[in-house]
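Architecture and fold: a report
Listed below are the residues making up each chain.
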Amino acid sequence: MKLKLLCMASAMMLVAGVANAQVKIGVSLSATGPAASLGIPEKNTIALMPKTIDGQSVQYIVLDDATDTTTAVKNMRKLISEDHVDAVLGSTVTPNSLAMVDVAAETQTPVISMAAGAAIVEPMDAKRTWAFKTPQNDILMATAIAKHMADSGVKTAAFIGFSDAYGEGWYKEFQKAADLNKIRIVANERFNRADTSVTGQALKIMGANPDAVLIAGSGTPAALPQRTLKERGYKGKLYQTHGVANNDFLRVCGKDCEGTYLPAGPLLVVEQLPNDNPVKKSAAAYKAAYEKAYGAGSISTFGGHAWDGGLLLQKAIPVALKKAKPGTAEFRAALRDALEGVKDMPGTAGIFNMSKNDHNGLDQRSRVMVQIVDGKWKLAN
């Protein structure tokens with residue numbers, strides 16, 4: 001009888017433990033390395049996320065991948081096998097995120113990337129069914145750039161981008177957008193995130209004499225081609241991607257950034273948006289929370305990508321809790337399904353409408369054209 005009672009008590013404790021288990025969210029981001037200026041505001045944002053969702057305790061386990069793909073994969077495996085997380089936020093950059101998607105599919109763990117590359121969620125297949133992302137897809141931003149170029153009289157353009165998945169993805173999408181707008185690409189160059197010189201690439205671009213140059217980089221490394229082109233006397237129009245939408249880029253690029261155009265999420269110029277913009281209220285709420293914690297002027301769209309990932313989880317976790325308990329394969333599957341079902345959710349980047357075929361869920365409301373004027377972001381006409 002004592003043995004039976006002991007077994008029953010142990011079973012009840014086990015059931016209670018499962019019922020009260022925390023939701024565990026793993027985070028792998030680039031707080032150091034070339035993408036640190038993007039990863040730091042993401043890490044800061046994780047600290048602002050709610051510790052309770054729908055009455056359920058939530059724990060965030062944060063690791064730094066140092067902008068290194070191998071480390072990102074190690075982090076992903078540790079979070080899943082040792083910490084038994086229910087979902088993962090990360091990584092900051094496209095190459096790391098693509099590698100993490102493989103592990104997500106293998107372990108059937110939902111991952112929400114904070115990187116821009118469309119290849120993270122496209123084309124939709126068995127592997128990517130576990131992957132989601134919060135930044136705008138490349139093609140959405142590339143079409144905005146190409147249209148702005150065409151409207152400004154640009155007939156020829158040069159491209160210089162990172163020599164990795166981010167740069168390759170951007171060239172592919174910009175090429176499509178340029179063709180649609182009858183813009184001829186006259187140069188296609190690459191550089192590494194850690195490079196200290198791009199003089200050779202800049203000279204080739206100068207020799208092609210394009211009307212405009214698109215620099216497809218992210219964070220402070222994207223300032224190098226721009227500064228080099230300016231030093232060499234380039235007088236045409238300069239464009240960057242939404243990968244530079246933070247104040248560290250402005251600081252590093254300095255006066256060489258003046259006049260540059262880029263597409264960006266509405267958060268970057270939230271105070272300049274008209275009051276009827278559907279993203280203004282949600283973006284302003286994040287800006288207020290972040291700057292209260294970290295100081296005026298500290299806001300970054302990259303922190304916003306992390307915040308939007310948190311908002312998606314806040315929508316999905318209550319739905320998943322109705323179907324399974326945290327810490328189980330069933331809960332991870334229910335969480336994945338719930339993320340796929342998020343509709344009309346205002347975030348900092350836009351209005352999210354996920355579906356089985358779209359794990360980004362953003363439309364044209366998620367972009368604005370911005371110009372750098374007097375060292376500040378200005379909503380472009």
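Above this text sits the structure in question.
These notes cover the structure that comes with them.

Cut-offs applied
- Residues numbered from 1 in each chain as written.
- Predicted model: local features only at pLDDT ≥ 70, side-chain atom pairs only at ≥ 80, totals over all residues.
- Heavy atoms only, no water.
- Helix = DSSP H or I, 4+ residues; strand = E, 2+ residues; numbered from the N terminus.
- Rg over C-alpha atoms; globule rule 2.2 N^0.38 Å.
- Contact = heavy atoms within 4.5 Å.
- Lys, Arg positive; Asp, Glu negative; His and termini not counted.
- Charge placed at Lys NZ, Arg CZ, Asp CG, Glu CD.
- Expected span 1.5 Å × (residues − 1).
- Bend = angle between axes of the 7 residues up to and from the residue.
- Buried < 20%, exposed > 50% of the residue type's maximum accessible area, 1.4 Å probe, protein only.
- Polar contact = N/O pair within 3.5 Å; in protein donor to acceptor, adjacent residues only side chain to side chain.
- Salt bridge = Lys/Arg side-chain N within 4 Å of Asp/Glu carboxyl O.
- Disulfide = S-S within 2.5 Å.
- Core = buried A, V, L, I, M, F, W, Y, C linked by side-chain atoms within 4.5 Å.
- Pairing = 2+ DSSP bridges.

When helices and strands are counted, the protein shows 12 helices and 15 strands. For the protein, the C-alpha radius of gyration of 22 Å lies close to 21 Å, the compact-globule estimate for 381 residues. Structurally, the protein occupies a C-alpha span of about 90 × 40 × 35 Å along its principal axes. Of the contacts formed within the protein by residues at least 6 apart in sequence, a portion of 68% connects residues at least 24 apart. In the protein, 43 positive and 36 negative side-chain charges are present, and the distance between their average locations comes to 3 Å.

On to helix H11 (residues 301–321). A rise of 1.5 Å per residue sets the reference length of H11, with its 21 residues, at 30 Å; its end C-alpha atoms lie 30 Å apart and thus fit the reference within 8%. Of all the bends in H11, the largest measures some 25 degrees and sits at Lys315, one to four residues before the proline Pro318. Counted residue by residue, H11 has 18 buried out of 21 residues, so it is predominantly covered. Its side-chain oxygen placed 3.0 Å from the backbone nitrogen of Phe302, Ser300 serves as the N-cap of H11.

Using the criterion set out here, one finds 16 salt bridges in the structure. Note that Arg128 is salt-bridged to Asp125, the shortest N-O span being 2.8 Å. Residue classification places Arg128 among the buried positions, given a relative accessible area of 12%. With relative accessibility at 32%, the residue Asp125 sits in the partly exposed group.

What follows concerns the state of the cysteines. Evaluation of the coordinates by the stated rule reveals one disulfide. Bridging Cys253 to Cys257, the disulfide has an S-S length of 2.4 Å. Looking along the S-S bond of the Cys253-Cys257 disulfide, the torsion reads about 135 degrees, which is the right-handed sense.

Let us look at the nonpolar core. One finds Phe249 and Trp377 to be the most contacted residues of the largest nonpolar core, which totals 61 residues. At nine residues, H11 tops the list of elements feeding residues into this core. Setting aside anything within four residues of it in sequence, one finds Phe249 in contact with Gly219, Thr220, Ala222, Ala223, Gln240, Val244, Cys257, Ile372 and Trp377. Ala142, Ala144, Ile160 and Ala216 belong to the second-largest nonpolar core, a separate cluster that totals 37 residues.

Turning our attention to the pairing of strand E15 (residues 376–379). Pairing analysis gives four bridges linking strand E14 (residues 368–373) to E15, with the strands arranged antiparallel. Bridge pairing in E15 places Gln371 opposite Lys378. Between the end of E14 and the start of E15, which pair antiparallel, lie two residues, with Asp374 showing a positive phi angle near 55 degrees.

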